[in-house]
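Observations on chain architecture
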Amino acid sequence: YALLALGVYISFRVLNIPDLTVDGSFTFGIAVSAVLCAAGHPVLGLVMSVLAGAAAGVVTGFLQTKAGIHPILAGILTMSGLYTINITVMHAPNVSLIGKQRFFDSFSMLFGRAPKDLPKIILIALICFVIVVLLICNCSRV
């Protein structure tokens, strides 16, 4: 829930826009990721989930700027619409991922008999490191 709270905080406090799209965009991204993971494409699922969440934000932005709808109402409309789209994407109320390939499975094979959580911790730390380096490089240009 920390990322969801951070998304709501950024829209309310930093951007000064009451936007509730975050609630719907997270579930939309998860639905897209779950469907692709169940199909055997966990890495593609992560990439597409980010793009799906971005698409939800684009819809809200379009409703605010081009349609002239108040920001909080545009966020509520997008959030409400995404719940129906989630069911359509998943073709069911839920998708079973039991026995399916996960994002960490291919990375875990590199570590052999290491503790179960060690590959997850290392991969997440590596991803965080790359993001921090990209942010530092981007901020130094400004």
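Residues numbered from 1 in each chain as written. Predicted model: local features only at pLDDT ≥ 70, side-chain atom pairs only at ≥ 80, totals over all residues. Heavy atoms only, no water.

Turning next to the state of the cysteines. All chains considered together, the criterion is met by zero disulfides. For the unlinked cysteine Cys37, the closest cysteine sulfur is that of Cys128, found at 20 Å. (Disulfide = S-S within 2.5 Å.)

By secondary structure assignment, the location of Leu126 is in helix α6 (residues 118-141). A relative accessible area of 46% places Leu126 in the partly exposed class. For the pair formed by Leu126 and Ala39, sequence separation is 87 residues and the distance between their alpha carbons is 26 Å. (Helix = DSSP H or I, 4+ residues; strand = E, 2+ residues; numbered from the N terminus. Buried < 20%, exposed > 50% of the residue type's maximum accessible area, 1.4 Å probe, protein only.)

What follows is about helix α3 (residues 42-65). Here α3 is 24 residues long and its end C-alpha atoms lie 35 Å apart, about the 34 Å a rise of 1.5 Å per residue gives. If you check which residues of α3 are buried, you get Pro42, Gly45, Ser49, Ala52, Ala56, Thr60 and Leu63. On the buried face of α3, the contacting elements are α2 (21-38) and α4 (71-90). (Expected span 1.5 Å × (residues − 1). Contact = heavy atoms within 4.5 Å.)

Side chains of Leu3, Leu6, Tyr9, Ile10, Val14, Leu15 and Phe26 sit close together on the surface and give an oily, nonpolar patch of about 690 Å² of accessible area. By residue number, the principal contributor to the nonpolar patch is helix α1 (residues 2-14), which donates five residues. Summarising the element assignment, Leu15 is placed in the loop between α1 and α2. Of the residues examined, Leu15 reaches a relative accessible area of 53% and is grouped as exposed. (Patch = residues over 30% accessible without salt bridge, like charges linked within 9 Å, V, L, I, M, F, W, Y side chains within 5 Å. Areas by Shrake-Rupley, 256 points an atom, 1.4 Å probe, with all protein chains shown as cover. Salt bridge = Lys/Arg side-chain N within 4 Å of Asp/Glu carboxyl O.)

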